[in-house]
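One letter stands for each residue in the lines below.
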Amino acid sequence: MKDIYIYLTHKDGVLDDSALELISAAKKLDGSAKISAVVVGASDEVLNEAVKSYKEVIKIDGDAFKYPNAEIIRKALVDIIPKDSIFLMTYNTFAMDMAPGFSIKMDASYAADVVDFEGVEGDTIKVVRQEFGGAVYSRSKLDISKGAVISVRGGVFPADESKSESGSVVDKSNDVKDTAANRNFIEIVAAEAGDVDITQSEILVSIGRGIEEEDNIEEAKELAETMGGDLACSRPIVDAKWLDKSRQVGTSGQTVKPKVYLALGISGSFQHLGGIKGNPFIVAVNKNPKAPIFQVADVGIVADILEFIPVLNEKIGDAK
Ligand code: FAD
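Keep in mind it's a predicted model, so treat the numbers as computed, not measured.

Asks: Is there a simple way to think about the pairing of strand β13 (residues 230-233) in this case?
Replies: Look at any regular strand and the pattern is simple: side chains alternate between the two faces of the sheet. Looking at chain direction, strand β12 (residues 203-207) and β13 are connected through four bridges and run parallel. Within β13, the residue paired with Ile207 across the bridge is Cys233. In terms of handedness, the path from β12 via helix α5 (residues 217-226) over to β13 forms a crossover that is right-handed.

Asks: Looking at this model, I keep getting lost on a nonpolar patch on the surface. Mind explaining?
Replies: The grouping of Tyr67, Phe185 and Ile188 at the surface amounts to a nonpolar patch, some 310 Å² of accessible area in total. Here Tyr67 shows up in the loop between β5 (56-60) and α3 (70-80).

Asks: Explain the pattern of salt bridges here, please?
Replies: Pairing is possible between side chains that carry opposite charge, provided their charged atoms lie close to one another. This model, assessed by the stated rule, comprises 17 salt bridges. A salt bridge links Asp178 to Lys75; the shortest N-O distance between them is 3.2 Å. Note that Asp178 is positioned in the loop between β11 (168-171) and β12 and Lys75 in helix α3, a separation of 103 residues in sequence. On the basis of relative accessible area, Asp178 is assigned to the partly exposed category, the value being 35%. On the basis of relative accessible area, Lys75 is assigned to the partly exposed category, the value being 24%. The residue Asp79 makes a salt bridge to Lys177 at a minimum N-O spacing of 3.6 Å. Note that Asp79 is positioned in helix α3 and Lys177 in the loop between β11 and β12, a separation of 98 residues in sequence. A residue is classified by how much of its surface remains accessible, and Asp79, at 27% relative accessible area, is partly exposed.

Asks: Any chance you could explain the pairing of strand β10 (residues 148-152) here in plain terms?
Replies: β10 sits mainly inside the fold: five of its five residues count as buried. Burial of the side chains of β10 extends over both faces: Ala148, Ile150 and Val152 are buried on one face and Val149 and Ser151 on the other. With five bridges joining them, strand β6 (residues 86-90) and β10 adopt parallel strand pairing. Note on β10: the bridge partner recorded for Leu88 is Ile150. Relative to β10, strand β7 (residues 109-121) runs parallel, the two sharing four bridges. Bridge pairing links Ser109 to Ala148 in β10.

Asks: Help me out: how do you make sense of the side chain of Thr90 in this one?
Replies: Mapped onto the secondary structure, Thr90 falls in strand β6. Apart from residues lying up to four places away in sequence, Thr90 is in contact with Thr9, Ser18, Leu22, Ala95, Ser151, Val152 and Gly154.

About the criteria used
Residues numbered from 1 in each chain as written. Predicted model: local features only at pLDDT ≥ 70, side-chain atom pairs only at ≥ 80, totals over all residues. Heavy atoms only, no water. Pairing = 2+ DSSP bridges. Helix = DSSP H or I, 4+ residues; strand = E, 2+ residues; numbered from the N terminus. Right-handed = clockwise from strand over helix to strand, strands pointing away. Patch = residues over 30% accessible without salt bridge, like charges linked within 9 Å, V, L, I, M, F, W, Y side chains within 5 Å. Areas by Shrake-Rupley, 256 points an atom, 1.4 Å probe, with all protein chains shown as cover. Salt bridge = Lys/Arg side-chain N within 4 Å of Asp/Glu carboxyl O. Buried < 20%, exposed > 50% of the residue type's maximum accessible area, 1.4 Å probe, protein only. Contact = heavy atoms within 4.5 Å.

In structure tokens:
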């Protein structure tokens, strides 16, 4: 098998959870492969965290890497990553931007948003992806004879907590030849803070399009209060302007790490599930027994939420 390089994502000096998930993904590909991490524009804290889990952490740093500009990072990776290797990264907007062009420059195979691997046969990997919003799984054979660039969906592989490696940082910043770019970063505009910080909530009652009408939200809010939690939602609820953007869970919303996640009338799109981290206990209520959310739920209840919410609210109130 080939050497595996894992691109580590970080933000505000914190390593993303995907750093450990991608180790599991790499081990599923080949338990005996050499696995190295690549981290660009990171603080010492991030590097120190990374060497707890990776034997070799390749550092690329410099003024050009203060902001993750896909154009510049792509060029740098071409200089650093050996051809014919396997390159894994988490699937996010940066990966969408950077990875396809990188695979072309490496003359390597490419697969995006992979949710599983089904083994290696010679120079072939079978990758599993979800299509049609999670309704079907597709399997593709990837020829890896000239290497592969693969983005992996967050949250689908378990975090590898073994932290068995006591690694070292290898600084390859000086090996980067060209950091010129046609697209230059100007500024980050932070979203306005909302009335609640759902990223800190231990219990989330989250509503989706199944809530049907704005007037029905009040009852879900009461349930969240009864349960001692906060109200969250999927994106259509924010698009309809029924709740503030600060309550949206997902890839273009908040990343939450509750202990309990009650999903009410949410189908379970990958964009929504991508915002749920930390392996919470997920209870899903949906009137469609085939809703994709049931694939990730610890408890699945097939019911009409408009009937279910008042009953649960009453029962919890009684129990209290
Ligand atoms: P639907 O998919 O319409 O599902 C509604 C569910 O409710 C269905 O499963 C239905 O069976 C069920 N239902 C209906 N009525 C009832 C009832 N009375 N009782 C019980 N169940 C009922 N989405 C996010 O959530 N967060 C994001 O951050 C996000 N980012 C995105 C970024 C991009 C670039 C794109 C393209 C999309 C993004 N989306 C995001 C949208 C995402 O693709 C889905 O469209 C969205 O998550 C669907 O929300 P939903 O599950 O509430 O609605």
